[in-house]
Amino acid sequence: MSEGEATESRSAGAGAHVVPFPRAAPQVSFHRDELRIILNLYGRMVADGEWRDYTIDFTREKAVFAIHRRTSERPLFRIEKDPRLARRQGAYAVIAETGRILKRGHDLAQVLRVLEKPLRVV
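Residues take numbers from 1 onward in each chain, read along the sequence in its written order. Thresholds applied to this predicted model are a pLDDT of at least 70 for local features of residues and 80 or more for the giving and counting of side-chain atom pairs; totals over whole chains, interfaces and linings are not thresholded and use all residues. The side-chain quantities take in all heavy atoms of the structure and omit both hydrogens and water.

Labelled according to an unreviewed UniProt entry, the protein chain appears under the name DUF2794 domain-containing protein, originating from Methylobacterium platani JCM 14648.

Structure, rendered in structure tokens:
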């Protein structure tokens, strides 16, 4: 018996029935470079005492990085990535607590500039 015949006889024997594992729906997520940009801004704002906590949510439609002043409060800002809007207004958006879109665009670093504090003369 050749090696190929032995494999066929093993797989066909004793009612071997393989049920494939159901595939989970693909999720939208932030890539490493996107997270680096977001967390750099977050770290600066935590050091200034402005922000204290964050949450990340990945769904089939979009990825959301929510920024909180306190853990128990609603998010101050949400940074959203929605690939469905990539060809139109841009995949990235910064949304205020009230739901108002502060900035939307194709470049994450450019969109996050709306959250930067302006420089002051000391």
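Regular strands place their side chains on alternate faces of the sheet. The buried label goes to any residue with under 20% of its type's maximum accessible area, the exposed label to any with over 50%, and the partly exposed label to all in between, with areas taken from a 1.4 Å probe on protein chains only. Helix numbering and strand numbering both begin at the N terminus, where a helix is a DSSP run of H or I of at least 4 residues and a strand a DSSP run of E of at least 2. The buried fraction of strand β4 (residues 92-96) amounts to five of the five residues, a majority that puts the element mostly inside the structure. Here β4 shows no split at all, with Tyr92, Val94 and Ala96 on one side and Ala93 and Ile95 on the other all buried. Here a strand pair is declared whenever DSSP counts at least two bridges between the two strands. With five bridges joining them, strand β3 (residues 77-81) and β4 adopt antiparallel strand pairing. Each residue of the ladder has a partner; that of Arg78, found in β4, is Ile95. Hairpin connection between β4 and strand β5 (residues 101-105): a loop of four residues separates the two successive antiparallel strands, and Gly99 in this loop has a positive phi of roughly 100 degrees.

This part takes up the pairing of strand β1 (residues 53-58). Where β1 and strand β2 (residues 63-68) come together, six bridges link them in antiparallel fashion. If you follow Ile56 over to β2, its bridge partner there is Phe65. The antiparallel pairing of β1 with β2 creates a hairpin that spans four residues between the two strands.

On to a nonpolar patch on the surface, then. Like-charged residues within 9 Å of one another, or nonpolar side chains (Val, Leu, Ile, Met, Phe, Trp, Tyr) within 5 Å, are grouped into patches, provided each residue has over 30% relative accessible area and no salt bridge. Every accessible area reported is derived by Shrake-Rupley at a probe size of 1.4 Å, with residue values counting cover from the shown protein chains alone. The rule for a salt bridge is simple: a side-chain nitrogen of Lys or Arg has to be within 4 Å of a carboxyl oxygen of Asp or Glu. Taken together, Leu39, Tyr54, Ile56 and Phe58 make up a surface patch of nonpolar side chains, about 310 Å² in accessible area. The exposure class of Phe58 is partly exposed, given its relative accessible area of 32%.

Taken as a whole, this structure holds five salt bridges when the rule is applied. Asp82 is the salt-bridge partner of Arg84, the closest N and O atoms lying 3.2 Å from each other.

For the rest of this paragraph, the subject is the sheet that holds β4. Strands sit in the order β1-β2-β3-β4-β5 across an open sheet of five strands; the sheet is antiparallel. Lying at the two open borders of the sheet, with one neighbouring strand each, are β1 and β5. Strand after strand, the sheet turns through a mean of 15 degrees between neighbouring axes, direction not considered. Where β2 meets β3, five bridges bridge the pair, whose relative direction is antiparallel. If you follow Ile67 over to β3, its bridge partner there is Phe77. Here helix α2 (residues 32-47) sits on the sheet in contact with β1, β2, β3 and β4, set at roughly 160 degrees to β1. Inter-axis angles, ranging from 0 to 180 degrees, are taken between N-to-C directions of lines fitted to C-alpha atoms, where helices are fitted over the stretch in contact. Whether two residues are in contact is decided by their heavy atoms, any of which lying within 4.5 Å being enough.

Given a rise of 1.5 Å per residue, 16 residues ought to cover 22 Å, and the 22 Å separating the end C-alpha atoms of α2 matches this to within 8%. Of all the positions in α2, only Glu34, Ile38, Leu41, Tyr42 and Met45 are classed as buried. Along α2, the residues classed as buried sweep out an arc of 100 degrees about the axis, all on the same side. Facing away from the buried side of α2, by more than 90 degrees, are the exposed residues Arg32 and Ala47. Working rule for helices: expected span equals 1.5 Å times residues minus one. It is the directions from the helix axis to the C-beta atoms that the arc portrays.

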